[in-house]
Structure formats: structure tokens, C-alpha cells
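One-letter residues, chain by chain:
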Amino acid sequence: MQLLSKTKTGINGLDEITMGGLPRGRPTLICGGPGCGKTLMALEFIVKGATLYNEPGVFMAFEEKAEELATNVASLGFDLDKLQRNKKLRIDYVHIDRTEVEETGEYDLNGLFIRLDHAIKNIGAKRVVLDTIENLFAGLTNQAVLRAELRRLFQWLKDKGVTSIITGEKGQGTLTRHSLEEYVSDCVIFLDHRIVSQVSTRRLKIIKYRGSLHGTNEYPFLIDEEGITILPVTSLKLDKNVSTKRISTGVPSLDDMFGGKGFYKGSSILVSGSAGTGKTSIAGSFANETCMRKEKCMFFAFEESPQQILRNMKSIGLDLTKHVKKGLLEFHSFRPGLYGLEMHLARMYKLVKKFKPEVVILDPITNFVSVGLLAEVNSMLLRLIDGFQSEGITLMLTALNSGTTEHIDENVSSLVDTWILVRDIERDGERNRGIYIMKSRGMKHSNQVREFIIGSKGLDLIEVFRDDNDEVLIGSARKARQKEKMAQTGQNGNGQFKARIKK
Amino acid sequence: MAKQEKKWELRLYVAGKTPKSVAALNNLKKYCETHLKGQYRIEVIDLLKKPQLAEGDQIFAIPTLVRKVPEPIRKIIGDLSNEEKVLVGLNIRSLNEV
């Protein structure tokens, strides 16, 4: 039994989804609407083939001239001119203008075959792209001849043994305007550029792949300065390796609440709370601690700019700037409305893959609700958590929770390993913060509420003071009662607190 | 049409001696003898022998007749079996003369 042999495309992620690449020596159809990235994907296939796999390629363009193509992709770092000089690439622009051409009597497309054959032989091409061959339909009137010739062309490409990509424009109710999918039946890839709520997302789907397994989902992809990246982040396997190593939260008294050791490495932590409860400060402390251990941390900020965060953290005694300078801490700040959810996921995934941090922080995830429905946000976060955890990354998410917004934290809490809740406690005309550990999987953790204090030296937690009536006192009420009690008895009702004052 | 002083340079692209190519060349010779006697030159290019020439004149169909001179360049694809179309296409005869 012989398995289908495949040709690696070299396009980030595509080879994973297709489980090895495109069918070797056969044509693949890439179709989609205008501006969906067909030409770029086809061109990247050729460029990567020439640069990574030493497989020269012919790009037959029916739409754009060679110079236009070269200019369009120069920003992606593809130097088409150099590849052409080195005989790794040949671009043949086929110009078809109906106004210049008259038809009379019988003809065939042998001219095209000869051109292609000449180009293939010239550089010993292993890859061929025909972009977009459907333009022939606009230039020629005899459709019967055209269809017969296209069928012959695709067979001819197979006989030549070149791996080819044919691009086609999406039609009404068909994959391509002129039903090219009828001729190219080995592998069909569909690209889509959807705009939902004014936010655009590019997606890729493999419609069919004869003789091979392939991923069947729609995969988001992005086009950036490195070309196309497809992110197969939909795998939802629960077989990640778990670590028993513990890492500090960055706040010693918070570590105490987790049995003195902090979080599990590679776990996911949710910090939720209402506005101004210090979620970002907890995240900042954790980032600081990570960098102090000489580990890398990536901080995604969706509310504040990096400068704002750096300044604000400085006010509580955390100097994150030095970590940024050392390259241990990297900030990425953008508004959730900038892209769709999938794009965000894809982008974050890509950045993380490049930077390889030990810790990733997302602050806050609540803002994503502005770009997607709650269910979609949850699905994205689920994949995000799974994706990062499978790489052994410790993930900290912060979430805003208030009476008015939907309770994203409750939805996410089942996905995370540890959930810390910071709550406002209003009493006696002041607002104080109480911190709880709602859950922490697989470890002993405190069930007590602590008073959470943000000072110029950093964060601290203080055990709440219980008076004789078993009433919980915090803030100035605690201080007042404590003084009172100390005056009375010379000691406070709470050993730990006394120790802390001494310190 | 002021065709008296003009020199006609025609180029016929073929791929081997296929019936279509032979028919096209025969048809072309016949029309030229009738309408452009003494003022034309036909160059036949066999792309099987010179494939590198296909790109320059943007040839994709076979046979293709290219009128190089007088400008602008005109192209007619097919076996040239329809005389009227060829003459109009080459601008040897304008539409109102037909």
C-alpha cells in the first residue's frame, strides 16, 4: 500500500492542517472571493518552495504583471527579482484582452502549453501556479474549446509531475465562477474573508483532499509582514503534560494562601474583580516575579498602553521597565476591536510562539465581549488556554466583573485551574478590597477572605480582624478596633497581624 | 482604406503541422494574395521549435495570427476560416465596406 506523497508548502500552519502539504505532482484548487489571499498563498507556495525546499517554481499570472507582483509582495520580504535571477522562479504574465483578439474558426490552447512547458524546462520547475486561469473565460468566447483545453491542461500538469496550484474566483453558489472544481478534484482549499460586526477575519477550509486525512474545521489565518500564517488552534485535546512545580505569585502573602508555594507552573489563573480592585497590579506583580526568576513573560494589555502600565506599576514599587529592557518582558497592547476574535487568537498565538515566554498575561479578557458574543469569547478563551497550556505556559487572565456586564468570569472559571476573586467591601463610608481564592485545583489553599492592600511598596494581604462578636472588620475599622484592643490587652486578637506590624 | 502605401507584416504562430495550422496558413495566403498583393510579408513561427517566442507576442492559443505592421498590433486566433472576420480583424477592410 502506498500512501499519497505530499509536497510541503512551507506556509506556516498549512502543512499541519493538510498533514504534510499538498498532493505531490497533482493540482490543488484554491478558491475564494476577491481579496481573500489566493494569489498571496499561491505565490508563497512558490517562494517557499524555491527558498526552503530547493524546488523551483513557475508562476503564470493571468491577472497581475510580473513587476506588479514583485512590488506587491516586496513588503513581505519576498525578493522575486533575485529568485528570478537565480533561476528559482519564473513569472510569465499572460495578457488577455478581448478587444485585441478576434476569433475565427477552430483553435486550441497549445500556445499556453508551450509557454508553460518552456518555463518549466527552463528552470527545472517542480511547482506551478496558474493565477487566475479563469480570466481565459473572459478573454475567449468559445467556452466549449476552453473547457476541453482546461481539462487537458490539468491532466498535462499531472503528467508533468509538477505540484500545482490553480486559483479561482468564488462564484454564485459554486466554489469557482466557472466550476473549475470539476476539473481539479484532488485537493480543494477555500479561503474566506468575512466581516462580522465590522471586524474582518480570514478563514481557510479544506473542502476536500482525496486520499488524505485533513483537518476539517475552518481555520483563521492572518496575513502580515511574514506572509500567511494559519493557526490550527482548534484542537481540544485534554492530554497536556502537567507540572508539579510551583511558582510564586509575586506577592508573598498571596503565596501563603496557596500553601506558601504559589501557583502550579503551566496552570491557568483567573483574577476577577470589579473596577479598580487591583487586578492589573496582581498581574504586574506576577510578571515582575517571573522576570526576577529570569523567565520570560508576555503581557497582552487590552485596556492600557505599555507606558501606562509601566508608570502605574512603578507607583506601587514595581520596576517593570528594567525587565522590558532586558528583553524578559514583552508588552503587546491593542484594542480588542482591532480584529475579530479569531484574529486575536491567531495573533497572540503567533507572538507567543515567537517569544516563547514562560508566563502569558491577558489583561483583561472582558473586553473581548465587545467584539464577539459571550459564547464565541468563551470558545476562543478555551482554545487559548488549551493552546498555551499544551506548551507549558502559565497563563494569567484578568476579568472585570461588575453588576452590569455579563459574568464572563463565571463562564471562564470552569476552564481555569485557579480563580482569585477581588471584591470591594463597602463599609463605614470607605471602600476596601477583599481577596478570596474561589478555587485552586490540586492544592491546599486558604478559604479565608483577606484584606488586599495596594501600597507604594507593592501588594500585601492582611488577615481580616475578627472582633468579639465575630464581625469581620477591615480598613480603618480594623485599625481602630485593633488599636483599641491592643490598648486594652496589650495584644491583638490576631497573632499574625501583630507580627506583621513588627516587621 | 488607405492601404496603398502600407506594408503589411504578418506573423502566424503554429505548433507543428496540425490541420488547423495548415488551414490557417492556406487561408491567410489566399486572402493576402487577393487583397494585399505585393504589400505583405508572412512569417510563420513554429512554437514547437522556438517556444521562447510565445511570451513576447502573448500567444496562448494556436494558431494565432499577429499583425505587427501597421500598428496597432492586432491578433486573430483560429484557423482563419471566416474571410470577412479576418479582413475586418486585420483592418484590411473596414466594417462599412463589408
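Quick caveat: nothing in here was measured; it's all calculated off a predicted structure. Numbering of residues starts from 1 in every chain and runs along the sequence as written. Key to labels: chains lettered from A, ligands numbered from 1, both in the order written. Under the rules for a predicted model, residues below a pLDDT of 70 receive no local features and side-chain atom pairs below 80 are neither given nor counted, while totals for whole chains, interfaces and linings still include all residues.

Some remarks on the overall build of chain B
Now for step 1: A run of H or I in DSSP becomes a helix once it reaches four residues, and a run of E becomes a strand once it reaches two; helices and strands are each numbered from the N terminus. When helices and strands are tallied, chain B shows 3 helices and 4 strands.
Now for step 2: Ordering the α and β elements of chain B from the N terminus gives β-α-β-α-β-β-α.
Now for step 3: Among the 98 residues that make up chain B, the fraction classed as buried is 36%.
Now for step 4: We call two residues in contact when the distance between their C-beta atoms, placed using the backbone, is within 7 Å. Nonlocal contacts in chain B, meaning residues at least 24 apart in sequence, comprise 63% of its contacts between residues at least 6 apart. Residue burial here comes from a neighbour count, namely the number of other C-beta atoms, placed from the backbone, that lie within 10 Å of the residue's own C-beta, with 20 or more meaning buried, 12 or fewer meaning exposed, and in between meaning partly exposed.

As for the overall build of chain A
Now for step 1: When you go through chain A residue by residue, the secondary structure sums to 16 helices and 25 strands.
Now for step 2: The 503 residues of chain A split such that 46% are buried.
Now for step 3: In chain A, of all internal contacts separated by at least 6 residues, the share reaching a separation of at least 24 is 70%.

Section: the interface of chain A and chain B
Now for step 1: Listed per partner, the contact involves 20 residues of chain A and 27 residues of chain B.
Now for step 2: At the level of elements, β6 (101-103) and α5 (110-123) of chain A are the ones that each hand at least two residues to the side of chain A that touches chain B.
Now for step 3: Element by element, the count of residues in the side of chain A that touches chain B is highest for α5(A), at 7 residues.
Now for step 4: The residue inventory of the side of chain A that touches chain B, partitioned by class, reads 6 nonpolar, 6 polar and 8 charged.
Now for step 5: Should DSSP find at least two bridges between two strands, the strands are regarded as paired. Here 3 bridges tie β6(A) to strand β4 (residues 74-77) of chain B, and the two strands are oriented parallel to one another. Residue pairing in the sheet places Glu103(A) in a bridge with Ile77(B) of β4(B). Amino acids are sorted into nonpolar (Ala, Val, Leu, Ile, Met, Phe, Trp, Tyr, Cys and Pro), charged (Asp, Glu, Lys and Arg) and polar (every other residue, Gly among them).

Overview of the environment of Arg85(A)
Now for step 1: For Arg85(A), the position within the fold is in helix α4 (residues 80-85).
Now for step 2: Distance in space between the C-alpha atoms of Arg85(A) and Lys208(A) is 36 Å, their sequence separation being 123 residues.

A closer look at the domain arrangement of chain A
Now for step 1: As used throughout, domain bounds are those supplied by an automatic or database domain assignment. What the domain assignment reports for chain A is domain 1 (6-230), domain 2 (246-463) and domain 3 (465-503).
Now for step 2: Relative to domain 3 of chain A, the C-alpha centre of domain 1 of chain A lies at a distance of 75 Å.

So, the confidence of the model for chain A
Now for step 1: Overall, the prediction assigns chain A a mean pLDDT of 84, with 91% of residues at 70 or greater.
Now for step 2: Note on scores: pLDDT gives the predictor's confidence for each residue, bounded by 0 and 100. Between residues 495-503 of chain A, whose pLDDT stays under 50, and residues either more than four places distant or in other chains, the model counts 9 contacts.

As for the sheet that holds strand β11 (residues 218-224) of chain A
Residues and elements named next belong to chain A.
Now for step 1: One open sheet accounts for 9 strands, arranged β5-β4-β7-β8-β3-β9-β10-β11-β12; its pairing is mixed. The open sheet is flanked by β5 (89-93) and β12 (227-230), the only strands paired with a single partner. Going from strand to strand, the sheet's axes swing by 20° on average, the running direction of each strand aside.
Now for step 2: Summarising the sheet, strand β10 (residues 199-209) and β11 pair through 4 bridges and their orientation is antiparallel. Note on β11: the bridge partner recorded for Arg-202 is Phe-221. Note on geometry: axes are C-alpha line fits, over the in-contact stretch for helices, and angles between N-to-C directions span 0 to 180 degrees.

Here's the deal with the pairing of strand β3 (residues 27-32) of chain A
It is a general feature of regular strands that their side chains alternate between the two faces of the sheet.
Residues and elements named next belong to chain A.
Now for step 1: Counting buried positions along β3 gives 6 out of 6 residues, so the element sits mostly inside the fold.
Now for step 2: Both faces of β3 are covered, namely the face carrying Pro-27, Leu-29 and Cys-31 and the face carrying Thr-28, Ile-30 and Gly-32.
Now for step 3: As paired elements, β3 and strand β8 (residues 163-169) share 6 bridges and run parallel to each other. Bridge pairing in β8 places Thr-28 opposite Ile-165.
Now for step 4: Across 5 bridges, the pairing between β3 and strand β9 (residues 187-196) is parallel. When the sheet's bridge partners are listed, Cys-31 is paired in β9 with Phe-190.

Remarks on the sheet that holds strand β1 (residues 8-14) of chain B
Now for step 1: With mixed pairing, 5 strands are arranged side by side in an open sheet as β6(A)-β4(B)-β3(B)-β1(B)-β2(B). The open sheet has two edge strands with one neighbour each: β6 of chain A together with β2 (40-46) of chain B. This sheet shows a mean twist of 20° between the axes of neighbouring strands, independent of strand direction.
Now for step 2: Both β1(B) and strand β3 (residues 64-69) of chain B contribute to a ladder of 5 bridges, which runs antiparallel. By the bridge assignment for β3(B), Arg11(B) is matched with Val66(B).

A few points about helix α12 (residues 341-355) of chain A
Residue and element names in this part refer to chain A.
Now for step 1: Taking 1.5 Å of rise per residue, 15 residues should cover 21 Å, and α12 covers 21 Å from first to last C-alpha, within 8% of that figure.
Now for step 2: Along α12, the residues that are buried comprise Leu-341, Glu-342, Met-343, His-344, Leu-345, Ala-346, Arg-347, Met-348, Tyr-349 and Val-352.
Now for step 3: Those residues of α12 that are buried lie in contact with β10, β11, β12, β16 (297-301), β18 (359-363) and α13 (374-389). Expected helix span is taken as 1.5 Å per residue step, with the number of steps being one fewer than the number of residues.

As for the packing of α12(A) against α13(A)
Residue and element names in this part refer to chain A.
Now for step 1: Running from amino to carboxyl end, α12 crosses α13 at an angle of 15°, the nearest separation of the two axes being 10 Å. One element, α12, and the other, α13, form an angle in the roughly parallel class. The two elements α12 and α13 meet at a crossing, and its hand is right-handed. Contacts between α12 and α13 involve Leu-341, Leu-345, Met-348, Tyr-349 and Val-352 from the former and Glu-376, Val-377, Met-380, Arg-383, Leu-384, Gly-387 and Phe-388 from the latter.
Now for step 2: Residues belonging to the contact of α12 with α13 are distributed by class as follows: 9 nonpolar, 1 polar and 2 charged. By the definition adopted for this analysis, an angle is roughly parallel if under 35 degrees, roughly antiparallel if over 145, roughly perpendicular if from 65 to 115, and oblique otherwise. Crossing handedness is defined as follows: a turn of the near helix away from the far one that is anticlockwise and smaller than a right angle gives a left-handed crossing, while the clockwise case is right-handed.

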